[in-house]
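This is what each chain is made of:
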Amino acid sequence: MASVTYEHVTKRFGDVVAVNDLNIEIADKEFLVFVGPSGCGKTTSLRLLAGLEEVTEGNIYIGDRLVNDVAPKDRDIAMVFQSYALYPHMSVYDNMAFGLKLRKTPKAEIERRVREAAAMLGIENLLDRKPKQLSGGQRQRVALGRAIVREPAVFLMDEPLSNLDAKLRVQTRAELSKLHQRLETTFIYVTHDQMEAMTMGTRIAVLRDGILQQVDTPQNLYQRPDNVFVAGFIGSPAMNFFDATLVGTHDEMYIDGGTFRVKVPPERAKVLAPHLGKEVIFGIRPEDIHDPQYSPPGITAAPVEARVDVTELMGNEVFLYLVTGNKTFIARVDPRTSAKVGNDVTVHFNMDNIHVFDRQTERAIR
């Protein structure tokens, strides 16, 4: 088992900087997820660790060993790709055993590892089949099994669930989390799907344009994002943002969004006091906007007038697309709401969970 360290790692492709001064320490047995939009550098970061790309600057360590110049096959890693990359002419058993045969592993040991991995993944009855006889989810399990039999120090996974349908993706997500607990090995996982990141990672590294924005637990990323980008990327639907100004006094402070004005709770006002009179970005998550009839007890509620533009019934909740002035925002409200398209409504902002960011730097004000 092994920890992984990126130490001031930079990767350039000509004039393009794909990864810019990346510093992360990934603990032994941790499940770290790289997440971000397309082109943010997450797959390149994984490929640098795998040895499939050369580091331009900086160092990468697996455990205490510097691996910059170590061949991929000698790094004690196993990688699962988005494309399953199975050999079509080989059976499932032979696909899983192939890497071990190349390493001259004894036959009895190959048999043990393949059977154990197949049992772990529930594919014992598929070992004699060819890949073309398998569903997408079964092929994904075979690709995982091929990695598991290697018994590597580090598992690398590059968007392995993106080819699966929605239901199977949720199921496989849970299986991967259980697999991590069972194997007690370091997992490093790449995805653009923040839902995958939130549900599987012990920590999440959010990347943008090759730069690490924040690395933290899923809960901390959700509750205490460092900047506007992280706040908008983590959470679904995304956080609502309003251009606003902090007005009033230290004792009676308000967030003025132009078409609405909401009072800042006293404990938050103390933190925001140095920014009084300045323009800020005001953020509030859709789940912190409530139908007044069904507001949770004990919250600091501030009323805001809006018009209902669109409603989406999700079964256990309703998404309201609301308009105030020329600004559209989303609320996740109780399914019993009586709000209808075209209605003028009052909603309650939960001021205990607001986020305020500096307009210039887009950094959170804390």
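Everything here concerns the structure above.
So, how was this worked out
Residues numbered from 1 in each chain as written. Predicted model: local features only at pLDDT ≥ 70, side-chain atom pairs only at ≥ 80, totals over all residues. Heavy atoms only, no water. Core = buried A, V, L, I, M, F, W, Y, C linked by side-chain atoms within 4.5 Å. Buried < 20%, exposed > 50% of the residue type's maximum accessible area, 1.4 Å probe, protein only. Contact = heavy atoms within 4.5 Å. Phe/Tyr/Trp six-rings, centres within 6.5 Å; stacked < 30°, edge-to-face > 60°. Helix = DSSP H or I, 4+ residues; strand = E, 2+ residues; numbered from the N terminus. Lys NZ or Arg CZ within 6 Å of the ring centre and 35° of its normal. Polar contact = N/O pair within 3.5 Å; in protein donor to acceptor, adjacent residues only side chain to side chain. Pairing = 2+ DSSP bridges. 1 Å grid on protein atoms, 1.4 Å probe; cavity = no way out; pocket = protein on both sides within 12 Å on 5 of 7 lines; lining within 4 Å. Points joined across faces, edges and corners; volume = space filled by probe spheres on them. Nonpolar A, V, L, I, M, F, W, Y, C, P; charged D, E, K, R; others polar. Axes fitted to C-alpha atoms, helices over the stretch in contact; angles between N-to-C directions.

Visitor: Hey, could you go over the nonpolar core for me, with residue numbers and the actual values?
Guide: Of all hydrophobic cores here, the largest spans 45 residues; its most connected members are M96, V114, M157, L176, Y189 and V206. Sequence-distant contacts of Y189, defined by excluding residues within four places in its chain, comprise F31, L32, V33, F34, M157, P160, L161, L176, E196 and M200. The next biggest cluster of nonpolar side chains, apart from the first, holds 32 residues, and it includes V280, F329, V333 and V356.

Visitor: Tell me about the packing of aromatic side chains, and please be specific about residues and values.
Guide: Under the counting rule described, the total for this entry stands at 15 aromatic pairs. Ring geometry for F31 and F187: centres 5.3 Å apart, planes at 35°, overall tilted. With F31 in strand β3 (residues 31-35) and F187 in strand β8 (residues 186-191), this pair connects stretches of sequence that are 156 residues apart. Exposure class is identical for F31 and F187. Each is buried. Centre to centre, the rings of F242 and F260 are 5.1 Å apart; their planes meet at 80°, and the pair counts as edge-to-face. Of this pair, F242 sits in strand β11 (residues 240-248) while F260 is found in the loop between β12 (253-256) and β13 (261-263), placing the two residues 18 residues apart along the sequence. An aromatic cluster is present here, built from F242, F260, F282, F329 and F349 joined pairwise through their rings. In this structure, K11 packs its charged tip against the face of F13, placed 4.9 Å from the ring centre.

Visitor: Before we move on, could you go through helix α1 (residues 42-50) and cite the residues and values that matter?
Guide: Burial within α1 is extensive, with seven of its nine residues counted as buried. Along α1, the positions that sit buried rather than exposed are K42, T44, S45, L46, L48, L49 and A50. In the stretch just after α1, G51 is the one whose phi turns positive, near 90°.

Visitor: For the side chain of T185, give the residues involved together with the corresponding values.
Guide: Along the chain, T185 turns up in the loop between α5 (166-183) and β8. Looking at T185, the relative accessible area reads 4%, which means it is buried. In this structure the side chain of T185 is engaged in a polar contact, spanning 3.1 Å, whose partner is the backbone oxygen of L183.

Visitor: Describe the sheet that holds strand β15 (residues 289-290), listing the residues and the values that go with them.
Guide: With antiparallel pairing, five strands are arranged side by side in an open sheet as β15-β19-β16-β17-β18. The outermost strands of the open sheet, each flanked by one partner alone, are β15 and β18 (327-333). Sheet topology places strand β17 (residues 318-324) next to β18; seven bridges connect them, and they run antiparallel. The partner of T324 across the bridge, within β18, is K327.

Visitor: For the layout of surface pockets, give the residues involved together with the corresponding values.
Guide: By volume, the largest pocket amounts to about 500 Å³. In terms of lining, the largest pocket is formed by 17 residues, of which the most central are M79, F81, R103, R146 and R150. Residues of the lining of the largest pocket, tallied by class, amount to twelve nonpolar, one polar and four charged. Computed from the structure, the second largest pocket encloses a volume of approximately 310 Å³. Around the second largest pocket, the lining is made up of 17 residues, and of these Q223, R224, R268, I354 and H355 lie nearest the centre. Of all the elements in the fold, those that place two or more residues in the lining of the second largest pocket are α7 (218-223), α9 (266-272) and β20 (355-358). For the lining of the second largest pocket, the element with the highest residue contribution is β20, accounting for three residues. Considering only residue class, the lining of the second largest pocket consists of eight nonpolar, three polar and six charged.

Visitor: Go over the pairing of β17, please, and point to the residues and values.
Guide: The buried fraction of β17 amounts to six of the seven residues, a majority that puts the element mostly inside the structure. Bridging between strand β16 (residues 301-313) and β17 involves six bridges; their strand directions are antiparallel. Among the inter-strand pairings, R307 is bridged to a residue of β17, identified as V323. Here β17 hands over to β18 after two residues, with G325 in that stretch at a positive phi of 65°.

Visitor: Hey, could you go over unusual backbone geometry for me, with residue numbers and the actual values?
Guide: Of note, the amide linkage connecting S236 to P237 takes the cis form, showing an omega dihedral of -5°. Looking at where P237 falls in the secondary structure, it is placed in the loop between α8 (228-233) and β11. Positive phi outside glycine occurs at H8, with the angle close to 50°. The partly exposed category is assigned to H8, whose relative accessible area is 46%. The phi dihedral of K29 is positive, around 70°, even though this residue is not glycine. Note on placement: K29 falls in the loop between β2 (16-26) and β3. Residue K29 is classed as partly exposed on the basis of its relative accessible area of 41%.

Visitor: Can you lay out the sheet that holds β12 for me, pointing to particular residues and giving the numbers?
Guide: Taken in spatial order, the five strands make up an open sheet running β13-β12-β11-β14-β20, and their pairing is antiparallel. Of all the strands in the sheet, the pair left with one neighbour each is β13 and β20. Strand-to-strand twist across the sheet, computed as the mean angle between neighbouring axes with direction ignored, equals 40°.

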